[in-house]
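Tertiary structure, described
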Amino acid sequence: MSSCLFCRIVAAEIPAKVIYQDADVVAFEDINPQAPLHCLIIPRRHIATLNDMQVEDAAIVGTMQYRAAQIARERGYADGGFRTVINCNADAGQTVFHIHLHLLAGRILHWPPG
Ligand code: AMP
Ligand code: ZN
């Protein structure tokens with residue numbers, strides 16, 4: 001989708017600080033970080049929201065979670081802890097409509113979230 005910001009990052013039409021990529025996912029630093037580590041893991045394939053997931057998309061969301069855990073481990077946050085979040089639609093605060101897994105670590109993350 002040429003109009004989608006994150007599709008354009010996947011296509012390298014918009015710059016991003018990419019920290020990992022493979023045939024399925026791209027991970028890059030969030031432009032407005034909310035923790036010392038705040039990156040986004042996205043599928044290369046456009047899926048607008050979790051509401052738009054098809055059963056065949058379940059594997060890619062698992063891959064996104066796996067990659068988040070790997071990045072957290074590489075950065076030294078596995079034992080201390082980290083959080084992964086996917087916001088879905090307006091009430092959850094979704095602003096970019098290409099699913100993305102937030103990976104946050106490096107500070108105490110309160111619960112419940114705001
Ligand atoms: P959400 O509110 O869950 O849709 O999250 C969207 C996230 O994308 C926010 O944390 C933004 O800071 C981040 N974001 C928006 N534009 C960019 C960009 N060009 N590069 C990196 N992160 C971005
Ligand atoms: Zn997209």
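Shown above is the structure to which this text applies.
Everything quoted here is computed from the prediction, not taken from an experiment.

The next thing to look at is the site of ligand 1. Around ligand 1 sit 16 residues, and of these D30, N87, G93, T95 and H102 come closest. Between an oxygen atom of ligand 1 and a main-chain N or O atom of T95, the distance comes to 2.7 Å. Contact between ligand 1 and V96: an oxygen atom at 3.1 Å from a main-chain N or O atom of the residue. The protein chains hide 83% of the 500 Å² of surface that ligand 1 would expose on its own. The dominant element in the shell around ligand 1, judged by the number of residues it contributes, is helix α1 (residues 5–10), at three residues.

Okay, the pattern of salt bridges next. Overall, the coordinates contain two salt bridges when judged by the stated rule. Where R8 meets E13, a salt bridge forms, and the shortest distance between an N and an O atom there is 3.1 Å. Residue classification places R8 among the partly exposed positions, given a relative accessible area of 32%. Here R45 ties to D57 by a salt bridge, and the two come within 2.5 Å at their closest N and O atoms. Linking R45 in the loop between β3 (37–43) and α2 (58–74) with D57 in the loop between β3 and α2, this pair joins segments that are twelve residues apart in sequence. For R45, a relative accessible area of 44% gives the class partly exposed. For D57, a relative accessible area of 4% puts it in the buried group.

Moving on to the pairing of strand β2 (residues 25–29). When you tally the buried positions in β2, you get four out of five residues, the bulk of the element. Relative to β2, strand β1 (residues 18–21) runs antiparallel, the two being bridged by three bridges. Bridging from a neighbouring strand, Y20 pairs with A27 of β2. The loop that links β1 with its antiparallel partner β2 comprises three residues. The pairing of β2 with β3 spans five bridges and is antiparallel. Note that in β3 the partner of V26 across the bridge is I42.

Calculation rules
In this numbering scheme, every chain counts its residues from 1 along its sequence in written order. Numbering of ligands from 1 and lettering of chains from A proceed in the order in which they are written. With pLDDT at 70 or above as the cut-off, local features in this predicted model cover only qualifying residues; side-chain atom pairs require 80 or more to be listed or tallied, and sums for whole chains, interfaces and linings still use all residues. Computation of side-chain values: all heavy atoms of the structure, hydrogens and water removed. Whether a residue is near a molecule or strand depends on its heavy atoms: it is near if one of them lies within 4 Å of it. Here a polar contact means two N or O atoms within 3.5 Å. Within protein one must be a hydrogen donor candidate and the other an acceptor candidate, and residues neighboring in sequence count only if both atoms are side-chain atoms. Throughout, the Shrake-Rupley method with a 1.4 Å probe supplies accessible areas, and for residues the shown protein chains are the sole cover considered. In DSSP terms, a helix is any run of H or I states spanning at least four residues, a strand is any run of E spanning at least two, and both are numbered starting from the N terminus. A pair is scored as a salt bridge if a Lys or Arg side-chain nitrogen falls within 4 Å of a carboxyl oxygen belonging to Asp or Glu. Throughout this description, buried means an accessible area under 20% of the type-specific maximum (1.4 Å probe, protein chains only), exposed means over 50%, and partly exposed covers the range between. Whether two strands pair comes down to DSSP finding at least two bridges between them.

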